[in-house]
Amino acid sequence: MTHAIWTEGLVKRFGGTVALGGVDLAVRTGTVHGLLGPNGAGKTTAVRVLATLLRPDAGHATVGGYDVVRDAHQVRQLIGVTGQYASVDEALTGMENLQLIGRLLGMSRRDTKQRARELLARFGLSDAAGRAAKTYSGGMRRRLDLAASLVGRPHMLYLDEPTTGLDPRSRLGLWDLVRSLVADGVTVLLTTQYLEEADELADELAVIDHGRVIATGTPEELKAKTGARSLAVRPADPVDVPVVISVVGQLAGVAPEVDGLVVTAPVTDPAVLPAAVRRLDNAGVVITELTLRNPSLNEVFLSLTGRPTEETTHTEQTEGALT
Amino acid sequence: MTTVTAPLARGLAARVSPIEGLQQTMTLAWRALVQIRHNPWELVDFSIQPIIFTLLFTYVFGGAISASTGKYLTYALPGILVMNMFFVTMYVGMGLNTDLTKGVFDRLRSLPLARWAPLAGRITADLLKQVWSIVLLLSTGVILGFRIGTTVLHVLAAVVLILVFALAFSWVSVLVGVLAKGPEKVYLLGMTTLFPVTVVSNVFVPTETMPGWLQAFVKVSPVTLLANASRGLMVGGPITGPALGSLLWAAMILVVFVPLSLCALKLRV
């Protein structure tokens with residue numbers, strides 16, 4: 001099995017704060033690897049180390065077999081970086097931004113222009129090619145950012161919170177772009193605060209908290225491990241609540257929580273949904289609501305760490321306001 | 001649709017050759033100049049402002065100091081060129097600071113470039129801006145009555161001397177650009193410090209007219225030395241002394257500010 005990215009015991013401190021407390025990662029070539037965690041967990045620090053922007057204090061990391069400290073120059077030839085810290089020049093047009101990167105990478109004037117046009121077309125920015133990037137919307141800026149990181153045809157692409165602050169439509173569009181890149185054979189390292197995003201895009205996940213990897217696996221494995229799906233049932237008649245409690249309790253194998261009329265219990269098997277419908281129907285209970293909810297990041301965290309994520313909602317708000 | 005990421009089948013270079021580094025520097029200088037097209041106010045700032053300064057000083061002070069505006073301009077213009085040079089170096093710090101705060105610098109650092117290219121690109125672009133404003137000021141001066149008292153070669157030598165000093169002083173600007181919280185802070189700091197520093201010199205009035213304690217300071221000021229050297233080269237008068245003094249200042253600034261700036265930059269990124 002080949003690994004595009006490999007880290008062992010990566011440590012990074014800022015003053016007294018430990019940003020990375022010994023991170024081990026193994027990213028298989030040609031896959032999307034998600035780094036999932038709340039704000040301040042160390043995701044961005046990890047990406048910055050892998051992008052040769054930060055020197056680790058201890059441990060080592062290789063990208064494409066090259067050491068990020070000793071062979072930084074080779075690593076830079078393999079990667080493309082998109083994040084809030086590695087951005088485009090707002091004073092240049094979309095076209096000029098891509099041309100700048102192409103020329104810096106030593107491409108000829110003609111190749112650069114052709115490549116820039118091709119990327120602008122692919123990312124739906126052809127009409128805005130001649131406008132300064134500062135006039136772009138948040139979604140357009142992210143797409144230009146992504147295009148800029150692809151000019152040099154990187155083998156590995158780092159996407160640091162690519163959709164934070166984007167509206168749902170732009171987010172879906174960006175996901176499609178990422179999927180098409182993976183189809184082209186690019187290895188993607190994706191950091192995100194959204195479980196949904198990791199679920200949609202990532203083949204494998206590493207959950208990071210306080211600078212440590214606290215869980216790894218496919219999204220399915222993690223969800224199964226955390227068992228954080230929940231079944232919620234609301235009967236039409238308050239009289240039926242005890243029956244519902246008994247049915248849901250039997251299916252989940254644990255005592256359900258009751259909030260007003262809504263009876264909730266964590267479940268792992270999706271087959272509980274039809275079973276619940278059948279049994280409640282047999283018992284003659286009329287229900288107004290029946291849902292099987294996917295675990296939220298908060299719930300995954302709660303079950304992995306025993307405490308909820310802090311600041312997640314707060315960050316979304318502030319970053320949304322910035323873009 | 002073309003494949004966006006075909007695998008690269010070539011071996012990876014271990015380092016950047018000096019020629020590639022120079023090409024990257026020129027590309028980054030090009031970029032700094034293209035920015036002006038989308039921010040015309042910058043062009044106004046370093047083109048029209050010095051001309052307005054020249055006009056103001058010539059017509060407001062000229063009569064009082066030299067009786068004739070043409071005569072005064074011949075005294076003042078070489079110094080105005082020097083003063084303007086100090087202000088134009090501010091763009092290095094402002095541009096660098098914008099790159100640092102907006103994340104462009106990190107993007108550049110993640111590319112396989114020569115480590116020195118981003119800074120060298122900024123400074124090269126600044127030198128081109130310097131040349132532009134010197135040409136503009138000299139032409140304005142000649143139209144208003146400035147007369148060259150030496151040869152064209154002497155004038156060119158004066159321009160080169162000013163550019164060499166600009167190259168050195170850019171590093172002060174780099175340090176400010178790295179330390180400042182935002183581009184507007186660089187501008188503010190530049191304006192508030194450069195104005196007194198450049199005016200407290202013999203750019204506008206001869207040193208002898210000032211009180212003794214101020215004269216002591218004015219005589220050793222790099223602004224005075226550089227203005228004297230330019231005056232000597234463009235109008236006539238002593239050249240070697242002030243030129244060597246200016247070069248000594250430039251060398252001292254480099255020795256102090258290059259390591260300081262690089263250190264600050266390393267700590268910031």
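As the structure is a prediction and not an experimental result, all values here were calculated from the model.

Caption draft 1: Structural view of the interface of chain A and chain B. Each side of the interface is counted separately: chain A has 44 residues, and chain B has 36 residues. Overall, the association of chain A and chain B removes approximately 3,600 Å² of surface from exposure, summing both partners, and the carbon and sulfur fraction of that is 58%. Applying the counting rule to chain A against chain B returns five salt bridges. Of the charged contacts, one joins Glu96(A) and Arg37(B) as a salt bridge, the two residues approaching to 2.7 Å between their closest N and O atoms. Viewed at the interface, chain B and chain A are joined by 13 residue pairs in polar contact (both at pLDDT 80 or more). Mapped onto the side of chain A that touches chain B, the elements with two or more residues apiece are α2 (72–78), β6 (79–82), α3 (94–104), α4 (109–122) and α5 (138–150) of chain A. Grouping the amino acids of the side of chain A that touches chain B by side-chain chemistry returns 22 nonpolar, nine polar and 13 charged.

Caption draft 2: Seen up close, the nonpolar core. Residues Leu98(A), Leu144(A), Leu146(A) and Leu157(A) are the most contacted members of the largest nonpolar core, which totals 52 residues. Ranked by residues supplied to this core, first place goes to α5(A) with six residues. Contacts of Leu157(A), omitting those with residues within four sequence positions, involve Gly80(A), Leu146(A), Ser149(A), Leu150(A), Leu181(A), Val186(A), Thr187(A), Val188(A) and Leu189(A). Counting residues in hydrophobic clusters, the runner-up holds 42 residues, among them Phe57(B), Leu161(B), Phe169(B) and Leu226(B).

Caption draft 3: Quick peek at the sheet that holds strand β2 (residues 17–28) of chain A. All names here are of chain A. Strand order in the open sheet formed by four strands is β2-β1-β4-β5, and the pairing between neighbours is antiparallel. Each edge of the sheet is formed by a strand with only one pairing partner; in this case those strands are β2 and β5 (66–67). Relative to β5, strand β4 (residues 58–63) runs antiparallel, the two sharing two bridges. Bridge pairing links valine 63 to tyrosine 66 in β5. Contacts from helix α1 (residues 43–50) reach β1 (3–14), β2 and β4, with the element oriented near 115 degrees to β1.

Caption draft 4: Molecular detail of unusual backbone geometry. All names here are of chain A. Of note in the backbone geometry, arginine 153 takes a positive phi value of approximately 45 degrees without being a glycine. In this structure, arginine 153 sits in the loop between α5 and β7 (156–160). Judged by relative accessible area, which is 25%, arginine 153 ranks as partly exposed. At glutamate 161, a residue that is not glycine, the phi angle is positive and equals roughly 45 degrees. Note on placement: glutamate 161 falls in the loop between β7 and α6 (168–183).

Caption draft 5: The sheet that holds strand β10 (residues 212–217) of chain A, seen in detail. Residues and elements named next belong to chain A. Across the sheet, six strands lie side by side as β6-β7-β8-β3-β9-β10; this open sheet has mixed pairing. Each edge of the open sheet is held by one strand with a lone partner, namely β6 and β10. Within this sheet the neighbouring strands show an average axis-to-axis angle of 15 degrees, counted without direction. Sheet analysis places β6 next to β7, joined by four bridges and oriented parallel. If you follow threonine 82 over to β7, its bridge partner there is leucine 159. Sheet strands in contact with α5 are β6 and β7, and its direction is about 165 degrees off that of β6.

Caption draft 6: View of the confidence of the model for chain B. All names here are of chain B. Considering every residue of chain B, the mean pLDDT works out to 87; 96% of them sit at 70 or more. Confidence scores differ between elements of chain B, with helix α3 (residues 62–66) showing the lowest mean pLDDT of 73 and helix α8 (residues 152–179) the highest of 95. In the predicted structure, residues 1–9 sits below a pLDDT of 50 and forms 26 contacts with residues beyond four places in sequence or in another chain. Here the complex is predicted with pTM 0.81, and the ipTM for its interfaces comes to 0.84.

Caption draft 7: Looking closely at the pattern of salt bridges. On inspection of all chains with the given rule, the structure shows 18 salt bridges over all chains. Here Asp145(A) makes a salt bridge to Arg107(B), at a shortest N to O gap of 2.7 Å. Separated into two different chains, Asp145(A) in helix α5 and Arg107(B) in helix α6 (residues 104–109) make up a pair that spans both. Relative accessible area serves as the criterion here: at 4%, Asp145(A) is assigned to the buried category. Of the residues examined, Arg107(B) reaches a relative accessible area of 3% and is grouped as buried. The shortest N-O distance in the salt bridge between Arg234(A) and Glu289(A) comes to 3.3 Å. Taken together, the residues span a long stretch of sequence, with Arg234(A) in strand β11 (residues 229–235) and Glu289(A) in strand β14 (residues 287–293) at a distance of 55 residues. A single network of salt bridges, built from pairs that share partners, joins Asp89(A), Arg31(B), Asp99(B) and Arg122(B).

Caption draft 8: Quick peek at the packing of helix α11 (residues 222–234) of chain B against helix α12 (residues 240–268) of chain B. All names here are of chain B. For the pair α11 and α12, the least separation of the axes is 8 Å and the interaxial angle reads 140 degrees. The angle between α11 and α12 places the two elements in the oblique class. The two elements α11 and α12 meet at a crossing, and its hand is left-handed. Of α12, the residues touching α11 (which contributes Pro222, Leu225, Leu226, Asn228 and Ala229) are Pro242, Ala243, Gly245, Ser246 and Trp249. Its residues assigned to classes, the contact of α11 with α12 comprises seven nonpolar, three polar and no charged.

Caption draft 9: Seen up close, the side chain of Asn84(B). All names here are of chain B. Among the structural elements, asparagine 84 can be located in helix α4 (residues 69–88). Asparagine 84 gets classed as buried once you look at its relative accessible area, which sits at 10%. Among the polar contacts listed, one links the side chain of asparagine 84 to the side chain of serine 133, at a separation of 3.2 Å. Dropping the residues within four chain positions of it, asparagine 84 is found in contact with Pro50, Ser133 and Leu137.

Caption draft 10: Expanded view of the environment of Gln77(A). Position of Gln77(A) among the secondary structure elements: in helix α2. Taking the relative accessible area as the measure of exposure, Gln77(A) reaches 11% and is therefore buried. Along the backbone, Gln77(A) and Arg278(A) are 201 residues apart, and their C-alpha atoms lie at a distance of 59 Å. Only 2.8 Å separates the side chain of Gln77(A) from the backbone oxygen of Ala13(B), close enough to count as a polar contact.

Caption draft 11: Inspection of α8(B) at higher detail. Taking 1.5 Å per residue as the helical rise, α8(B) with its 28 residues ought to reach 40 Å, and the 41 Å between its terminal C-alpha atoms agrees with that figure. Of all the bends in α8(B), the greatest, near 25 degrees, is centred on Ala168(B).

Conventions used here
- Residues numbered from 1 in each chain as written.
- Chains lettered and ligands numbered in written order.
- Predicted model: local features only at pLDDT ≥ 70, side-chain atom pairs only at ≥ 80, totals over all residues.
- Heavy atoms only, no water.
- Contact = heavy atoms within 4.5 Å.
- Buried area = accessible area lost by both parts, 1.4 Å probe.
- Salt bridge = Lys/Arg side-chain N within 4 Å of Asp/Glu carboxyl O.
- Polar contact = N/O pair within 3.5 Å; in protein donor to acceptor, adjacent residues only side chain to side chain.
- Helix = DSSP H or I, 4+ residues; strand = E, 2+ residues; numbered from the N terminus.
- Nonpolar A, V, L, I, M, F, W, Y, C, P; charged D, E, K, R; others polar.
- Core = buried A, V, L, I, M, F, W, Y, C linked by side-chain atoms within 4.5 Å.
- Buried < 20%, exposed > 50% of the residue type's maximum accessible area, 1.4 Å probe, protein only.
- Pairing = 2+ DSSP bridges.
- Axes fitted to C-alpha atoms, helices over the stretch in contact; angles between N-to-C directions.
- pLDDT = per-residue confidence, 0-100.
- Parallel < 35°, antiparallel > 145°, perpendicular 65-115°, else oblique.
- Left-handed = near helix turned anticlockwise from the far one by under 90°.
- Expected span 1.5 Å × (residues − 1).
- Bend = angle between axes of the 7 residues up to and from the residue.

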